[in-house]
Amino acid sequence: MSVVKVQPTRMELIKLRRRIKMAKRGHSLLKMKRDGLIMEFRELLEEAKKVIGGMAEKYEKAMQKLALAMAVDGVVAVKSIAMARQCEPKFVMHKKNIMGVVVPVIKREEKIVRCVVEREYGVLGTTARIDEAVEAFEQLVDAILEVAEIETTIRRLIEEIEKTKRRVNALEYRVIPSMEEACKFIAFKLEEMDRENIIRLKKLKSKKAKQEA
Amino acid sequence: MKKVAVIGDPDFTIGFRLVGIRDVYDVTNDEELVNAVRDVLSRDDIGIVVIRYDDLKKLPVMLRREIDERVEPTFVAVGGMGSVEELREKIRKAIGVDLWK
């Protein structure tokens with residue numbers, strides 16, 4: 001599989017040997033990176049499953065409760081409650097670096113799920129259905145904040161793992177073998193030239209000896 | 001301090017209005033949807049964008065790639081098991097085994 005066309009010179013051989021050494025070092029480093037990423041990923045996976053599943057469940061529940069509230073109390077009532085709500089869910093976002101992968105870290109400033117009396121609208125003016133819908137959505141947003149962090153992290157890690165894996169394999173099965181092949185080719189060619197030289201010298205020597213005799 | 005934004009049809013967004021989220025984009029057609037997403041991407045006070053998975057699918061490929069690459073804002077797709085399936089497929093492709101479940 002000698003794809004690399006090389007000049008059989010000693011300089012080229014030295015250069016190639018250096019490149020092989022470097023490629024091998026890069027390969028082992030990338031391999032370690034891949035293993036490290038997979039380890040990170042495995043740790044997160046269990047949690048991600050739980051959190052994402054939980055969010056899907058909460059979404060279904062919240063939508064059901066909202067539909068019920070809208071059907072029984074009317075759209076206008078629900079909208080007026082929506083107008084009354086003041087406090088937006090706020091959070092602080094940081095960036096974290098896991099082996100070159102930038103992932104978000106979300107910190108909640110205040111709790112999103114509130115007690116009924118803490119909400120801005122009057123409890124007496126609304127029905128229990130609306131209260132329940134609001135609570136369900138508060139829980140949903142709470143879950144969404146969690147999911148946002150963990151899902152993005154997982155996604156990024158996966159992409160990075162795939163990239164690193166591809167690089168490791170390319171080095172292992174393509175780049176390093178072809179360079180080694182070229183290296184062998186040069187070494188053989190040089191030896192061959194050496195032998196040719198020796199024979200030539202011997203021939204010359206015997207010719208000279210004949211002439212002198 | 002970052003905020004949450006919601007993009008979707010009015011039926012979808014009303015629930016999030018109940019929590020007090022003010023950055024709500026009501027969209028009724030695909031064009032508005034794309035404009036809303038562009039607007040959200042250009043703002044720097046939004047940390048998380050909640051969007052329906054079906055709506056996310058409708059976006060042009062270039063925009064989706066940009067969404068994937070950005071850390072801020074982070075897009076969260078809700079509704080259906082579509083996003084889970086997508087993630088699962090990605091894991092299967094990258095690791096070689098289906099680790100999900």
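Criteria and thresholds
- Residues numbered from 1 in each chain as written.
- Chains lettered and ligands numbered in written order.
- Predicted model: local features only at pLDDT ≥ 70, side-chain atom pairs only at ≥ 80, totals over all residues.
- Heavy atoms only, no water.
- Phe/Tyr/Trp six-rings, centres within 6.5 Å; stacked < 30°, edge-to-face > 60°.
- Helix = DSSP H or I, 4+ residues; strand = E, 2+ residues; numbered from the N terminus.
- Buried < 20%, exposed > 50% of the residue type's maximum accessible area, 1.4 Å probe, protein only.
- Contact = heavy atoms within 4.5 Å.
- Buried area = accessible area lost by both parts, 1.4 Å probe.
- Salt bridge = Lys/Arg side-chain N within 4 Å of Asp/Glu carboxyl O.
- Polar contact = N/O pair within 3.5 Å; in protein donor to acceptor, adjacent residues only side chain to side chain.
- Nonpolar A, V, L, I, M, F, W, Y, C, P; charged D, E, K, R; others polar.
- Pairing = 2+ DSSP bridges.

Novice: Help me understand the packing of aromatic side chains in this model?
Specialist: Applying the stated criterion to the full structure yields three aromatic pairs over all chains. With a centroid separation of 5.3 Å and an interplanar angle of 80°, the aromatic rings of F137(A) and F16(B) are classed as edge-to-face. Of this pair, F137(A) sits in helix α3 (residues 128-212) while F16(B) sits in helix α1 (residues 10-17), on two different chains. Take F137(A): its relative accessible area is 0%, and that puts it in the buried class.

Novice: For this particular structure, what's the right way to read the interface of chain A and chain B?
Specialist: Put simply, an interface is often sized by how much accessible area is lost when its parts join up. The interface is formed by 55 residues belonging to chain A together with 44 residues belonging to chain B. The three residues of chain A that bury the most area against chain B are E88(A), M93(A) and R155(A), which together make up 14% of that side's buried surface. Counting across the interface, chain A meets chain B through three salt bridges. Seen at the junction of chain A and chain B, the total is 12 residue pairs in polar contact (both at pLDDT 80 or more). The element best represented in the side of chain A that touches chain B is α3(A), accounting for 20 residues. Split into classes, the residues belonging to the side of chain A that touches chain B amount to 37 nonpolar, two polar and 16 charged. Pairing between strand β1 (residues 90-98) of chain A and strand β1 (residues 2-8) of chain B: two bridges, direction antiparallel. Following the sheet pairing, K90(A) is matched in β1(B) by K3(B).

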